[in-house]
Amino acid sequence: MQGFKGRFVKGSEPESVYWRRRGIVAGAVLALVLLAVVGASALGGGDEEDAGVEADPAQQEWTPPTSTASAQRPYIPEPSESPSPSPSPTAAPVEACPAEELMLQVVAAFDEVRSGAEVPVSVLVASGADTPCTADLRSVAVELAAGSDVVFSTAHCETPRGEEVELSGGAGQTVEFTVDGLASDEGCRGARRELPAGDYELRARLGDAVSSPAALRLT
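Given the structure is predicted, the values throughout are model-derived calculations rather than measurements.

Rules used in this analysis
- Residues numbered from 1 in each chain as written.
- Predicted model: local features only at pLDDT ≥ 70, side-chain atom pairs only at ≥ 80, totals over all residues.
- Heavy atoms only, no water.
- Buried < 20%, exposed > 50% of the residue type's maximum accessible area, 1.4 Å probe, protein only.
- Helix = DSSP H or I, 4+ residues; strand = E, 2+ residues; numbered from the N terminus.
- Pairing = 2+ DSSP bridges.
- Disulfide = S-S within 2.5 Å.
- Core = buried A, V, L, I, M, F, W, Y, C linked by side-chain atoms within 4.5 Å.
- Contact = heavy atoms within 4.5 Å.
- Axes fitted to C-alpha atoms, helices over the stretch in contact; angles between N-to-C directions.
- Polar contact = N/O pair within 3.5 Å; in protein donor to acceptor, adjacent residues only side chain to side chain.
- Salt bridge = Lys/Arg side-chain N within 4 Å of Asp/Glu carboxyl O.

**Q** Please explain the pairing of strand E11 (residues 214–218) as it appears in this structure.
**A** Every other side chain in a regular strand lies on the same face of the sheet, so the side chains alternate between the two faces. A one-sided burial pattern is seen for E11, the buried positions being Ala214, Leu216 and Leu218 and the unburied ones Ala215 and Arg217. Note that strand E2 (residues 112–113) and E11 share 2 bridges and pair parallel. Bridging across to E11, Glu112 finds its partner in Arg217. Note that strand E9 (residues 198–206) and E11 share 5 bridges and pair antiparallel. Bridging from a neighbouring strand, Tyr200 pairs with Leu216 of E11.

Shown next as structure tokens:
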């Protein structure tokens, strides 16, 4: 037994080495514990931050910049107001054609008819004025005269025809009438009688303007 004990004592290490190894092991265990604590703290802090973000969803919404924001934004020029069109000047009223500027022409469909027969007659009204002027065609009348006596006029019995027109540039307007070869009085008074056979003159009149005569023979 002594031999065995002697070999055991010789083969065993000194006691200082034993305690040194236990200190190393204990230090390693402590380091592992500290690392575990630090890791858990880091993980716990991230959860708290995530929880804070989830608790306030409004922070995740995009907020448009206010008018006082310093961020640069693209410049969009405001549309300039177009100037209001100036009112067009009021056109001056067109004056009536002076009698001396009016040109009238009378044309009968026939130059010889039986007394009492109807004759179509056209009157052309034009203006020789340099500027436009108006003429009231309702005032045009056709007269049948024997010498200086007017024996018939469309103004006596017929309803005025036509309308007020503007004449310019020598262009004319035409008014149509019918001469029936019967005498008439102003206001269409009395019975109309058949005119005797003979030579008569047709004239067109508009106010003081009178056309050149056209010959008409009644048989």
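Additional details are given in the paragraphs that follow.
**Q** For this particular structure, what's the right way to read the environment of Ala141?
**A** One can find Ala141 in strand E5 (residues 140–146). Ala141 sits 15 residues away from His156 along the chain, and the two C-alpha atoms are 9.1 Å apart.

**Q** Is there a simple way to explain the state of the cysteines in this structure?
**A** Tallied over the entire structure, the rule returns 2 disulfides. Across the disulfide, Cys97 is cross-linked to Cys133 (sulfur-sulfur distance 1.9 Å). Between Cys97 and Cys133 the disulfide shows an S-S torsion of about 90°. By sign, it is right-handed. Linking Cys97 in the loop between helix H2 (15–55) and strand E1 (102–108) with Cys133 in strand E4 (residues 133–136), this pair joins segments that are 36 residues apart in sequence. This pair shows no difference in class: Cys97 is buried, exactly as Cys133 is. With its sulfur 2.0 Å from that of its partner, Cys157 forms a disulfide with Cys188. Judged by the sign of its S-S torsion, about 100°, the bond between Cys157 and Cys188 is right-handed. You can see Cys157 sitting in helix H3 (residues 154–157) and its partner Cys188 sitting in the loop between strand E8 (172–179) and E9, a full 31 residues away along the chain.

**Q** Hey, could you run me through the nonpolar core in this one?
**A** Looking at soluble globular proteins, one finds that nonpolar side chains tend to be buried together. Of all hydrophobic cores here, the largest spans 33 residues; its most connected members are Leu102, Val123, Val125, Leu144 and Leu202. With near-sequence residues (within four places) excluded, Leu102 lies in contact with Cys97, Val125, Ala126, Ala135, Leu167, Leu206 and Ala209.

**Q** Would you take a moment to explain the sheet that holds E1 for this structure?
**A** Picture the strands of a sheet paired through backbone hydrogen bonds; they go either parallel or antiparallel. Pairing in this open sheet of 3 strands is antiparallel, and the strands run E1-E3-E8 from one edge to the other. At either end of the open sheet lies a strand with only one pairing partner, and these are E1 and E8. If you compare each strand with its neighbour and ignore which way they point, the axes differ by 20° on average. The pairing of strand E3 (residues 119–127) with E8 spans 8 bridges and is antiparallel. Within the sheet, the bridge partner assigned to Pro120 lies in E8 and is Thr178.

**Q** Would you mind going over the pairing of strand E7 (residues 164–167) with me for this structure?
**A** Alternating residues of E7 divide into Val165 and Leu167, all buried, and Glu164 and Glu166, none buried. As paired strands, E4 and E7 are joined by 4 bridges and run antiparallel to one another. Looking at E7, one finds that Cys133 is bridged to Leu167.

**Q** Whenever I open this one, the side chain of Ser127 confuses me. Can you help?
**A** Mapped onto the elements, Ser127 comes out in strand E3. Owing to a relative accessible area of 2%, Ser127 belongs among the buried residues under this scheme. At 3.1 Å, the side chain of Ser127 and the backbone nitrogen of Ala129 are in polar contact. Contacts of Ser127, omitting those with residues within four sequence positions, involve Cys97, Glu101, Met103, Cys133, Leu167, Gly170 and Ala171.

**Q** Honestly, the environment of Ser115 in this entry has me stumped. Any pointers?
**A** Looking at the element boundaries, Ser115 is found in the loop between E2 and E3. A relative accessible area of 3% means that Ser115 is categorised as buried. Along the chain, Ser115 and Thr219 lie 104 residues apart, while their C-alpha atoms are 5.6 Å from each other. Look past the residues within four positions of Ser115 in its chain and what remains in contact with it is Gly181, Glu194, Leu195, Leu218 and Thr219.

**Q** Looking at this model, I keep getting lost on the pattern of salt bridges. Mind explaining?
**A** Side chains that differ in sign of charge can pair as their charged atoms come close. For the structure on display, the rule yields 6 salt bridges. Between Arg203 and Glu143 there is a salt bridge, with its nearest N and O atoms 3.7 Å apart. Of this pair, Arg203 sits in strand E9 while Glu143 sits in strand E5, and the two are 60 residues apart along the sequence. Each member of the pair, Arg203 as well as Glu143, is classed as buried. The network of salt bridges with shared partners includes Glu143, Glu201, Arg203 and Arg205.

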